[in-house]
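Survey of secondary and tertiary structure
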Amino acid sequence: MPLRFRKQSIAATMYESAGVADVDDDGVLDIICGAHWYQGPDFVRWHTIAPCRQEGEYHDDFSTIVMDIDGDGRPDFVTGGWWGGSLRWRQNPGKPTGPWQEHTWAEHIIAADTGNIETTRAFDIDGDGKLEIVPNTPGHPLCAYKLTGPGTFSKHVIFPEGCGHGLGFGDIDGDGRGEIITPKGILTAPADPLSGPWTMTPGPDFGHKDLSVPVIVADVNGDGVAELIVGHAHGAGLDWYEQRREGGMVRWIRHPIDPFCSQYHDLQWADIDGDGQCELVTGKRYRAHNGYEAGDNDEPGIYWFKWTGEGFAKQVIAHGAFGVGKGCGIHFALADLRGTGRLDVIAPGKDGLAIFWNEGV
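Remember, it's a predicted structure, so these values are computed and weren't measured experimentally. Residue positions are given per chain, counted from 1 along the sequence in the order it is written. Owing to the predicted nature of the model, reporting of local features is limited to residues with pLDDT of at least 70; listing and counting of side-chain atom pairs is limited to 80 or more, with chain, interface and lining totals taken over all residues. With hydrogens and water stripped out, all remaining heavy atoms of the structure feed into the side-chain values.

Okay, the pattern of salt bridges next. Criterion for a salt bridge: a side-chain nitrogen of Lys or Arg within 4 Å of a carboxyl oxygen of Asp or Glu. In the structure shown here, the tally under the stated rule is 23 salt bridges. When the shortest N-O distance is used, the salt bridge between Lys306 and Asp275 registers 2.1 Å. Pair noted here: Lys306 is in strand β26 (residues 301-307) and Asp275 is in the loop between β24 (264-270) and β25 (279-284), with a separation of 31 residues, a long-range link. Relative accessibility decides the category of a residue: with a 1.4 Å probe and only protein chains considered, values under 20% of the type maximum give buried, values over 50% give exposed, and everything between is partly exposed. Classification of Asp275 as partly exposed rests on a relative accessible area of 38%. One network of salt bridges, with partners in common, ties together Arg6, Arg338, Asp344 and Glu359. Segments assigned H or I by DSSP are reported as helices when at least four residues long, segments assigned E as strands when at least two residues long, and all are numbered from the N terminus.

Right, dumping it as structure tokens:
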């Protein structure tokens, strides 16, 4: 039987990023989205975080990476966007109605010179068990930022030439260390991953330059070798790339997952149906370029894809016209909001903020 999801609309906002954390330390998870946070468990009450710069249909807020940055035990978060040219963190004030200090304070700038940020993710680049912040900056150097103390980060240049639109991280070659996947190729780390530039080697021919963020690295078919799952962020298509090693050489074979839907920008690999195996959860970034690219105005949808042993079977969480279907923005979240043992889907976007409650089978 298919999973059942129940939609709860939270807000008619246009923010494209959301995260989940216990903001007010009451033991209940809350939702952070744009300029506001929404108080669990019913998410009806909302509180202001800070103003969020608006540029047409966009807001300069393309990630919500929850971290305790100032070391006070409360969740803060990292954001940044295309227009501000800076990576920033917002500080939890410790009281529900207090304003969150933002980038207007110099000490809350992680990096002021990143260039345009497509979106940001967190990866354990150096293998120490702690996440580094890695913004995808298509026209600027690829850098990682390591939290070194309360409110302080160190900057590490990964690839000075920049890597284009798309970013993934995982152990592709099986050596126990992670590589970075980009549209230009695969980056391999030096002995100390944060000490200097990485080496670019050829990767799959993706056939387009607007890769999803992230590109998923996972052993999809159970052959003991990592594969790649890649969405076309600004066009139609969702594929997985099988890695085959033959005579010391690596060959990548493309397999379509969904060639028809567009704007698969954010992907997550998680156990959505509770069977102990991960599934692919993703959906459309609604009006990614404000109606000016192929598929921008198609009906929005969120889906999960089950590996069958031979390919992926598409399952619908929500699909339909505006107000019926739903996109999932540029940075959506999965979390067990009620303690049921099932992952719910928290979906921001230009078509509003909604929760899709996972009701099981």
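Further remarks concern the sheet that holds strand β4 (residues 36-38). The four strands are arranged β2-β3-β4-β5 in an open sheet whose pairing can be described as antiparallel. Every other strand in the sheet has two partners, leaving β2 (19-21) and β5 (46-48) as the edge strands with one partner each. Each adjacent strand pair in this sheet contributes to an overall mean axis angle of 25°, direction not counted. In terms of strand pairing, β2 meets strand β3 (residues 30-33) through three bridges, oriented antiparallel. Bridging across to β3, Ala21 finds its partner in Asp30. Each pair of strands is called paired provided DSSP finds at least two bridges between the two strands. Interaxial angles span 0 to 180 degrees and are taken between N-to-C directions of axes, which are lines fitted to C-alpha atoms, for helices over the stretch in contact.

To continue, consider the environment of Gly174. If you trace the backbone, Gly174 turns up in the loop between β16 (168-170) and β17 (179-182). Once the C-alpha coordinates of Gly174 and Ala226 are considered, the two residues, 52 residues apart in sequence, prove to be 7.8 Å apart.

Right, let's get into the nonpolar core. With 18 residues, the main nonpolar core has Tyr38, Phe43, Leu337, Ile346 and Leu353 as its most contacted residues. Those elements that provide at least two residues to this core are β1 (5-11), β3, β28 (333-335) and β30 (353-358). Residue contributions to this core peak at three residues, all from β30. Throughout this description, the term nonpolar core refers to a set of buried Ala, Val, Leu, Ile, Met, Phe, Trp, Tyr and Cys residues connected via side-chain atoms within 4.5 Å.

By themselves, these observations are geometric and do not establish any function.
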